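One letter stands for each residue in the lines below.
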Amino acid sequence: MASTKTTNAEFPHTLTITLPLPTNRLASSALRALEVDTELSPFVRRDMTVTSPKSGIQTNTEDAKTVLEITYRATTNRMLRVAVNGFMESLGVVLGVMEELDVDVLEAEGFEK
């Protein structure tokens, strides 16, 4: 799920990506793997966190935090698009590795190929 909002005058172009994952362990692993690659452009800002799903019963336990939320802010639409495209490539690699190395968890949750 993705949404766009216009906020901050310096970085007016914003995109938030929410990626639900089966468990907190997988969401936290994805966060740790992706956050090591910082944004190189001074025209782009990225924030990532692991949160609970927005719908349903809300709990504040760590196990309930299964959604990887990524927010991009950029000075132009083009910079936003370029940054998000690069991130999506990295995300695809991380999810592919998770699928290969943690097959039993992903298959048990219905995320089969």
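For the structure itself, look to the data block above.
A brief report on the enclosed structure follows. The shown structure was predicted, so the numbers you read here are calculated from the model rather than taken from an experiment. (Residues numbered from 1 in each chain as written. Predicted model: local features only at pLDDT ≥ 70, side-chain atom pairs only at ≥ 80, totals over all residues. Heavy atoms only, no water.)

The next thing to look at is the overall build of the chain. When you go through the chain residue by residue, the secondary structure sums to three helices and four strands. Along the chain direction, N to C, the helices and strands of the chain fall in the order β-β-α-β-β-α-α. Within the chain, the proportion of its 113 residues that are buried is 38%. When contacts within the chain are restricted to residue pairs at least 6 apart in sequence, long-range pairs at least 24 apart make up 60% of them. (Helix = DSSP H or I, 4+ residues; strand = E, 2+ residues; numbered from the N terminus. Buried < 20%, exposed > 50% of the residue type's maximum accessible area, 1.4 Å probe, protein only. Contact = heavy atoms within 4.5 Å.)

Another aspect to go through is the environment of T75. For T75, the position within the fold is in the loop between β4 (67-74) and α2 (77-101). Taking the C-alpha atoms as reference, T75 lies 9.2 Å from R45; in sequence the two are 30 residues apart.

Examined against the element boundaries, S41 turns out to sit in the loop between α1 (24-35) and β3 (44-51). On the basis of relative accessible area, S41 is assigned to the buried category, the value being 19%. A polar contact is formed between the side chain of S41 and the backbone nitrogen of F43, at a distance of 3.0 Å. (Polar contact = N/O pair within 3.5 Å; in protein donor to acceptor, adjacent residues only side chain to side chain.)

One pass over the full model with this rule turns up one aromatic pair. Geometrically, the ring pair formed by Y72 and F87 is edge-to-face, given 5.8 Å between the ring centres and 65 degrees between the ring planes. Residue Y72 is found in strand β4, and its partner F87 is found in helix α2; the two are separated by 15 residues along the sequence. With respect to class, Y72 is no different from F87; both count as buried. (Phe/Tyr/Trp six-rings, centres within 6.5 Å; stacked < 30°, edge-to-face > 60°.)

In this section: the environment of E39. Checked against the element boundaries, E39 lands in the loop between α1 and β3. Judged by its relative accessible area of 24%, E39 is partly exposed. For the pair E39 and G86, spaced 47 residues apart in sequence, the C-alpha to C-alpha distance is 9.8 Å. With near-sequence residues (within four places) excluded, E39 lies in contact with V44, R46, Y72 and A83. At a separation of 2.9 Å, a polar atom in the side chain of E39 contacts the side chain of Y72.

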